[in-house]
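# Observations on the model geometry
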Amino acid sequence: MSSSVSSTDLFARAQRLIPGGVNSPVRAFRSVGGAPFFTRSAQGATLTTADGRELIDFVCTWGPAIHGHNHPRIREAITDALSRGTSFGTPNPYEVEMAELIASFFPSIEKVRMCSSGTEATMSAIRLARGFTGRDKIIKFAGCYHGHSDSLLVSAGSGALTHGHPDSAGVPAAFARETVVLPFNDPAALDAAFAANPGQIAAVILEPYIGNVGFIRAEPGYLAQVRALTQKHGAVLIFDEVMTGFRLARGGVQELENIVPDLTCLGKIIGGGLPVGAFGGRAEIMDKLAPLGPVYQAGTLSGNPLAMAAGIAQLRLLDELRPYARLDTLGRQLCAAALAAAKLKGIALQAPQCGSMFSLFFTERPVRDLPSAMSSDSALFKRFFHACLERGVYLPPSAYEAWFLSSAHEGDAIDRACDVVTTAISEL
Ligand SMILES: *Cc1c(COP(=O)(O)O)cnc(C)c1O
């Protein structure tokens, strides 16, 4: 591609043929205004735009790039796999190695099935839970995003929230009725929902720490209560760790909180930047999947050798580098800089953070659920976003998305970002 093609020209061409000019809505910058930039290449913590600008990137391709962009080890793994062919349509050795790695990181996963996106993982886990229990209803939580399948696109976070359509057009009301939506961090609401739907709840699905209304932690004891209630009522507990898996700890939030869910959904990091999802858990449940059992699930490119090779390299690097304590330091550093600047300026700011994920909410209310997240000042966020972007720092283009750190942010990038965030807040 010619390096002289500007983002403006590309976006004009894209809008003629691609709805909104993008292949995933949040990329269109609708919630912050202005036009998106196009990225020509990415390296370490830096994106280079089609216009030749270099930006420090805190989106990290929405989570996967935990070692920074274009890591040589991952590139080598893909190149090596590529020399053997791009897809076989038969089982391949990489899939076995990947399954063994996932099981070693996540003790709750006795068996695992690979697919090609997080959406497929959650959709399939829900079907499996329904097939296993013989029940139809599911419980989800307001603001949790589990991809874009019908029964999960009800009161969803992420792009669905930013665009003001938490309930998508095109989802039949009859499907939505099978989904009970509850407030997060509210064990009494979950208890009441089980009482109101006796013997009908197949599964409870949640992001154990939410990353899709911005970042929100579960309050102490909450996840243990969710585990106890699901056990008591015979519902399958599904942790959607597509975002948090391998990111907040080697074994995700379930490791941090010492909870054993029945099923876990994975994606993002396990693909090493290629399209991958996975779901796994108790063997007794997983064995209901075809070809062993009656629950059908399949994928032409599932277990794709290039994606498996990239993911295996990524997970092996996590084991070698053990970046979690260092990532947490970076997260604390950036949040502390933002909080100090806000205090000086007299602006209310909440900065929930864990490891390499955090969010900046411009609100006085501690953020613990969807309504408190929505209380943040989105007009102020817009100005903050553009003030940072002008100064070379790219953060998620929505007030309701988490920032992501990578080990490539260590050193110069984090110092520069702290300066930019401080200046941007001081000038709000
Ligand atoms: C990103 C995400 C998904 C959807 O994954 P895709 O690969 O975009 O389909 C599902 N659940 C959570 C928690 C996510 O963050």
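### Here we look at the domain arrangement of the chain
Split into domains, the chain comes out as domain 1 (7-66 + 323-426) and domain 2 (72-320). Spacing between the C-alpha centres of domain 1 and domain 2 amounts to 25 Å. At the junction of the two partners, domain 1 supplies 33 residues and domain 2 supplies 32 residues. Between domain 1 and domain 2, roughly 2600 Å² of surface is buried when both sides are summed, and carbon and sulfur atoms account for 63% of that area.

### Some details on the site of the ligand
Every residue lining the ligand is accounted for by Ser117, Gly118, Thr119, Tyr145, His146, Gly147, Glu207, Asn212, Asp240, Val242, Met243 and Lys268. One of the backbone N or O atoms of Gly118 is found 2.9 Å from an oxygen atom in the ligand. A distance of 3.3 Å separates a nitrogen atom of the ligand from a polar atom in the backbone of Tyr145. Here the ligand has 380 Å² of accessible area as a free molecule, and 84% of this is covered by the chains.

### Focus: unusual backbone geometry
Where the residue is not glycine, phi is negative for most of them; where a peptide bond is considered, it is trans in most cases. Cis peptide bonds are those with omega within 30 degrees of zero, and the linkage from Ala290 to Pro291 qualifies with 10°. Within the element layout of this structure, Pro291 appears in the loop between helix H10 (283-286) and helix H11 (305-321). Positive phi, close to 60°, is recorded for Asn185, a residue that is not glycine. Tracing the backbone through its elements, the reader meets Asn185 in the loop between strand E6 (179-182) and helix H7 (187-196). Judged by relative accessible area, Asn185 falls into the buried class, the value being 3%. One non-glycine residue, Asn258, lies in the positive phi region at around 55°. With respect to the helices and strands, the residue Asn258 is situated in the loop between helix H9 (252-257) and strand E9 (263-266). Of the residues examined, Asn258 reaches a relative accessible area of 67% and is grouped as exposed.

### Digging into the pattern of salt bridges
A complete count under the given rule lists 15 salt bridges for this structure. Among the salt bridges present, the one from Arg227 reaches Asp262, with a minimum N-O distance of 3.0 Å. You can see Arg227 sitting in helix H8 (residues 222-233) and its partner Asp262 sitting in the loop between H9 and E9, a full 35 residues away along the chain. Of the two residues examined, Arg227 and Asp262, each falls in the buried class. Among the salt bridges present, the one from Arg391 reaches Glu427, with a minimum N-O distance of 2.5 Å. Taken as a pair, Arg391 in the loop between helix H14 (378-390) and strand E13 (393-394) and Glu427 in the segment after helix H15 (412-426) lie far apart in primary sequence, 36 residues in all. Through salt bridges with shared partners, a single ionic network connects Arg227, Asp262, Arg282 and Glu284.

### Notes on the layout of surface pockets
Using a probe with the size of a water molecule, rolled over the atoms, empty space left in the structure can be pinpointed. The space that makes up the second largest pocket amounts to roughly 450 Å³. Considering the residues around the second largest pocket, the lining is formed by 19 residues, among which Thr90, Pro91, Glu95, Ser302 and Gly303 are closest to the centre. If you list the elements that add at least two residues to the lining of the second largest pocket, you get helix H3 (93-105) and strand E4 (111-115). Across the lining of the second largest pocket, the residue classes tally to eight nonpolar, nine polar and two charged.

### Some details on the nonpolar core
Counting 112 residues, the largest nonpolar core has Phe141, Phe246, Ile270, Leu334 and Phe384 as its most contacted members. For this core, the leading source of residues is helix H12 (residues 324-345), giving nine residues. If sequence neighbours within four positions are ignored, Ile270 has contacts with Met98, Ile102, Met114, Phe246, Val276, Gly277, Ala278, Ala307, Gly311 and Leu315. Ile126, Ala129, Ile238 and Leu289 belong to the second largest nonpolar core, which has 20 residues in total.

### A look at the side chain of Lys140
With respect to the secondary-structure elements, Lys140 resides in strand E5 (residues 137-141). Comment: no salt bridge for buried Lys140; closest opposite-charge side chain is Glu207, at 7.7 Å. A distance of 3.0 Å separates a polar atom in the side chain of Lys140 from the backbone oxygen of Cys144. Not counting chain neighbours up to four residues away, the residues in contact with Lys140 comprise His146, Leu152, Val154, Ser155, Ala156, Thr179, Val180, Val181, Leu182 and Ile205.

### Regarding the packing of H12 against H15
Packing of H12 against H15 brings their axes to within 9 Å, and their N-to-C directions diverge by 20°. Here H12 lies roughly parallel to H15, going by the angle between them. For the pair H12 and H15, the sense of crossing is right-handed. Across from Leu330, Gln333, Leu334, Ala337, Ala338, Ala341, Ala342 and Lys345 in H12, the residues of H15 making contact are Ile414, Asp415, Ala417, Cys418, Val421, Thr422, Ile425 and Ser426.

What counts and what doesn't
Residues numbered from 1 in each chain as written. Predicted model: local features only at pLDDT ≥ 70, side-chain atom pairs only at ≥ 80, totals over all residues. Heavy atoms only, no water. Domains from an automatic or database assignment. Contact = heavy atoms within 4.5 Å. Buried area = accessible area lost by both parts, 1.4 Å probe. Near = heavy atom within 4 Å. Polar contact = N/O pair within 3.5 Å; in protein donor to acceptor, adjacent residues only side chain to side chain. Areas by Shrake-Rupley, 256 points an atom, 1.4 Å probe, with all protein chains shown as cover. Helix = DSSP H or I, 4+ residues; strand = E, 2+ residues; numbered from the N terminus. Buried < 20%, exposed > 50% of the residue type's maximum accessible area, 1.4 Å probe, protein only. Salt bridge = Lys/Arg side-chain N within 4 Å of Asp/Glu carboxyl O. 1 Å grid on protein atoms, 1.4 Å probe; cavity = no way out; pocket = protein on both sides within 12 Å on 5 of 7 lines; lining within 4 Å. Points joined across faces, edges and corners; volume = space filled by probe spheres on them. Nonpolar A, V, L, I, M, F, W, Y, C, P; charged D, E, K, R; others polar. Core = buried A, V, L, I, M, F, W, Y, C linked by side-chain atoms within 4.5 Å. Lys, Arg positive; Asp, Glu negative; His and termini not counted. Axes fitted to C-alpha atoms, helices over the stretch in contact; angles between N-to-C directions. Parallel < 35°, antiparallel > 145°, perpendicular 65-115°, else oblique. Left-handed = near helix turned anticlockwise from the far one by under 90°.

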